Amino acid sequence: MRILIVGGSGFLGSELVRQAAAEGHAVAATWRTRPGTAAGADWLPLDVRDRTAVLDLIGAFGPDVVVNTASGGNMASGGNMASGGSDWVTTAVGAAHVAVASAAHGARLVHVSSDAVFSGEAVTYAEDRVPDPVTPYGAAKAAGEAAVQAITPTAVIARTSLIIGDGGSGHERLVHGLASGGVKGMLFTDDVRCPVHVRDLAAALLELASSDRAGVQHAAGADAVSRYELGCLVARRDGIDPARLPYGRRADTGLRGPLDVRLDCGLTQRHLTTRLRGAREFLAQPRIST
């Protein structure tokens, strides 16, 4: 396939480039601030806020599949952040631009969304649950989902959670910074998510891209853990004493945002050969250099 990865210089995008190139696909990847370093792709500058630029680039490359990982917020924000930042034009309007261009040029679209579209009131969320965001970032992601569904109903909307890797994710860097004292803040014991390993997520997205699935799919990890427990798992894997990690309850801070959000991935997982491992499993294993 010819695959275009929008936001390819990001953490998830880089892993998608690596896996897609390894599978023998013709890959192009976009960047906004600086080109990515992953091998195997043609690196193309793109600002998804520019509708004409998006249409021109997708028309010129002629992809079979577009995977949109671009986001104006932080899907892997750390426990000392309430909701990450929100750039409405990138996250919501940019998603619509990519959907319009994909539809215009006959490309299949896989749009990456977030568990931030939910309030946490229901705790566990299946794929058919209607978004009820309580943060600007969540609202922007929900608007992006609605635009994609309206413009290209055959697209996949893949909601995920905190994305973890082998040292390169925002949460892992936060854990190291908190443990060393270089970063101020704390990891919340009452802020629960379903972290996913970046390799599992990328593989699932590429599998969905080559399938006939459409609509909302949930692609998060099998374990629901607090940000503090996740931090302790990262620390133990990396030889850091978890006792060095400051912790507390976000409910005591007054910070906005959902507390306990668990994506039910059962329906999606039944259609995938990729197994979405839980954090307690993948963080019990040694780090893998790629």
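Residues numbered from 1 in each chain as written. Predicted model: local features only at pLDDT ≥ 70, side-chain atom pairs only at ≥ 80, totals over all residues. Heavy atoms only, no water.

Chemist: Mind showing me how you'd approach helix α7 (residues 227–237) here?
Modeler: Burial runs high along α7: 8 of the 11 residues are buried. Of all the residues in α7, the buried ones are R227, L230, G231, C232, L233, V234, A235 and R237. Buried-residue contacts for α7 involve β8 (163–164), α5 (170–180), β9 (187–188), β10 (192–193), β13 (225–226) and α9 (279–282). At the exit of α7 stands G239, carrying a positive phi of roughly 75°. (Buried < 20%, exposed > 50% of the residue type's maximum accessible area, 1.4 Å probe, protein only. Helix = DSSP H or I, 4+ residues; strand = E, 2+ residues; numbered from the N terminus. Contact = heavy atoms within 4.5 Å.)

Chemist: Just to check I follow, could you spell out the environment of G59 for this structure?
Modeler: Assignment of secondary structure puts G59 in helix α2 (residues 51–61). Sequence-wise, G59 and Q269 are 210 residues apart; in three dimensions their C-alpha atoms are separated by 33 Å.

Chemist: What is the right way to read the side chain of T30 from this model?
Modeler: The topology assignment puts T30 in strand β2 (residues 26–31). The class of T30 is buried, set by a relative accessible area of 2%. Excluding residues within four positions of it along the chain, T30 makes contact with L4, I5, V6, G7, G8, S9, W43, L44, L46 and L57.

Chemist: How should the packing of α2 against helix α3 (residues 88–104) be read in this particular structure?
Modeler: Pairs of packed helices are described in terms of their axes, by the angle between the two and the distance that separates them. Packing of α2 against α3 brings their axes to within 9 Å, and their N-to-C directions diverge by 35°. Remark: the crossing between α2 and α3 carries right-handed chirality. Across from R51, V54, L55 and I58 in α2, the residues of α3 making contact are H97, V98, V100, A101, S102 and A104. Residue composition of the contact of α2 with α3, grouped by class: 7 nonpolar, 2 polar and 1 charged. (Axes fitted to C-alpha atoms, helices over the stretch in contact; angles between N-to-C directions. Left-handed = near helix turned anticlockwise from the far one by under 90°. Nonpolar A, V, L, I, M, F, W, Y, C, P; charged D, E, K, R; others polar.)

Chemist: What exactly am I supposed to notice about the packing of aromatic side chains here?
Modeler: Think of a pair of aromatic rings as described by two things: how far the centres are apart, and how the planes are tilted against each other in angle. Using the criterion set out here, one finds 2 aromatic pairs in the structure. With 4.7 Å between their ring centres and 40° between their planes, Y228 and Y247 make a pair best called tilted. With Y228 in helix α7 and Y247 in strand β14 (residues 247–248), this pair connects stretches of sequence that are 19 residues apart. The ring of F61 is capped by R2, whose NZ or CZ atom sits 4.2 Å from the centre of that ring. (Phe/Tyr/Trp six-rings, centres within 6.5 Å; stacked < 30°, edge-to-face > 60°. Lys NZ or Arg CZ within 6 Å of the ring centre and 35° of its normal.)

Chemist: Looking at this structure, how should I read helix α1 (residues 11–22)?
Modeler: For an α-helix, 3.6 residues make a turn, and residues three or four places apart therefore share a direction. Over its 12 residues, α1 runs 17 Å from end to end, which matches the ideal 16 Å to within 8%, given 1.5 Å per residue. Within the sequence span of α1, burial applies to L12, G13, E15, L16, V17, Q19 and A20. Looking one or two residues past α1, G24 carries a phi angle of roughly 90°, positive in sign. (Expected span 1.5 Å × (residues − 1).)

Chemist: Would you mind going over the sheet that holds strand β5 (residues 108–114) with me for this structure?
Modeler: Whether parallel or antiparallel, the strands of a sheet pair through hydrogen bonds between backbone atoms. What the 7 strands build is an open sheet, ordered β3-β2-β1-β4-β5-β7-β12; its pairing is parallel. Only two strands of the sheet have a single partner each, and these edge strands are β3 (41–45) and β12 (215–218). Averaged over all adjacent pairs, the angle separating strand axes in this sheet is 20°, with direction ignored. As judged from the 4 bridges shared by strand β1 (residues 2–6) and β2, these two strands associate in the parallel manner. Looking at β2, one finds that R2 is bridged to A26. In this fold helix α4 (residues 136–151) packs onto β5, β7 (156–160) and β12, with an angle of close to 160° to the strand it touches most, β5. (Pairing = 2+ DSSP bridges.)

Chemist: What is the right way to read the pairing of β2 from this model?
Modeler: Put simply, side chains in a regular strand alternate between the two faces of the sheet. Remark: the β1/α1/β2 crossover connection has right-handed handedness. Relative to β3, β2 runs parallel, the two being bridged by 5 bridges. Bridge pairing links W31 to P45 in β3. (Right-handed = clockwise from strand over helix to strand, strands pointing away.)

Chemist: Help me understand the nonpolar core in this model?
Modeler: It is characteristic of soluble globular proteins that their nonpolar side chains tend to be buried jointly. With 29 residues, the main nonpolar core has L12, L16 and L205 as its most contacted residues. Looking at this core, the elements with two or more residues in it are β1, α1, β2, β4 (65–68), β5, β7 and α6 (198–209). The element best represented in this core is α6, accounting for 8 residues. (Core = buried A, V, L, I, M, F, W, Y, C linked by side-chain atoms within 4.5 Å.)

Chemist: Looking at this structure, how should I read the pairing of β7?
Modeler: Counted residue by residue, β7 has 5 buried out of 5 residues, so it is predominantly covered. Burial of β7 is two-sided: the residues V156, A158 and T160 facing one way and the residues I157 and R159 facing the other way are all buried. Alignment of β5 against β7, held across 5 bridges, turns out to be parallel. Each residue of the ladder has a partner; that of S114, found in β7, is T160. As paired elements, β7 and β12 share 4 bridges and run parallel to each other. Residue I157 lies in a different strand from β12, and its bridge partner there is V216.

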